[in-house]
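Observations on the model geometry
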Amino acid sequence: MKAKITMIVETNKQTEDFELESHIKDALVAYTGNEIEFFDCEIKSISCGIENFVPELRELACIESFEASHTNLIDGETIKSTKHFQEGIKYTSDTWRPEGMRIDGFFVFNANASKFARIS
């Protein structure tokens, strides 16, 4: 039997891509439970989230579905804007500011940067 497993793994900032792949394989193969034993695993892809948006980014892949929102006061009226970003979709970015970046026409704050991966 085969199973597809999707994981979100939090690591420290010094972790390299090759270390992540190696440690995931080691951890899964070492685990033996009552009903499940991982005899082997193959990692098809690793997408590491970015820490903060930077001006050089032009294409990003969403690695976790989420809804971004922000609130603006325009002409004395409070306007709340939201956009749903879908996992697995590639997005283009344009303008950058120190607090975030406009992605697919919607401003996303750095707090959500880890939900995107750089496309090389």
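As a reminder, the structure under discussion sits directly above these lines.
What you are looking at is a predicted structure, and each value in this text was computed from that prediction instead of being measured.

1. Brief notes about the packing of aromatic side chains
For the coordinates displayed, the defined rule picks out eight aromatic pairs. Their ring planes at 85° and their centres at 5.6 Å tell us that phenylalanine 66 and phenylalanine 116 sit as a pair that is edge-to-face. Of the two residues, phenylalanine 66 is situated in strand 2 (residues 66-74) and phenylalanine 116 in strand 7 (residues 116-118); the sequence distance between them amounts to 50 residues. The exposure class assigned to phenylalanine 66 is buried, which follows from its relative accessible area of 7%.

2. Regarding the sheet that holds strand 1 (residues 59-62)
The strand order 6-5-4-1-7 describes an open sheet built from five strands, whose pairing is antiparallel. Two strands in the sheet have a free side with no partner beyond their single neighbour: strand 6 (106-109) and strand 7. Shown here is a sheet whose adjacent strand axes are inclined to one another by a mean of 45°, direction ignored.

So, how was this worked out
Residues numbered from 1 in each chain as written. Predicted model: local features only at pLDDT ≥ 70, side-chain atom pairs only at ≥ 80, totals over all residues. Heavy atoms only, no water. Phe/Tyr/Trp six-rings, centres within 6.5 Å; stacked < 30°, edge-to-face > 60°. Helix = DSSP H or I, 4+ residues; strand = E, 2+ residues; numbered from the N terminus. Buried < 20%, exposed > 50% of the residue type's maximum accessible area, 1.4 Å probe, protein only. Pairing = 2+ DSSP bridges. Axes fitted to C-alpha atoms, helices over the stretch in contact; angles between N-to-C directions.

The quantities given are spatial measurements derived from coordinates; they are silent on function.
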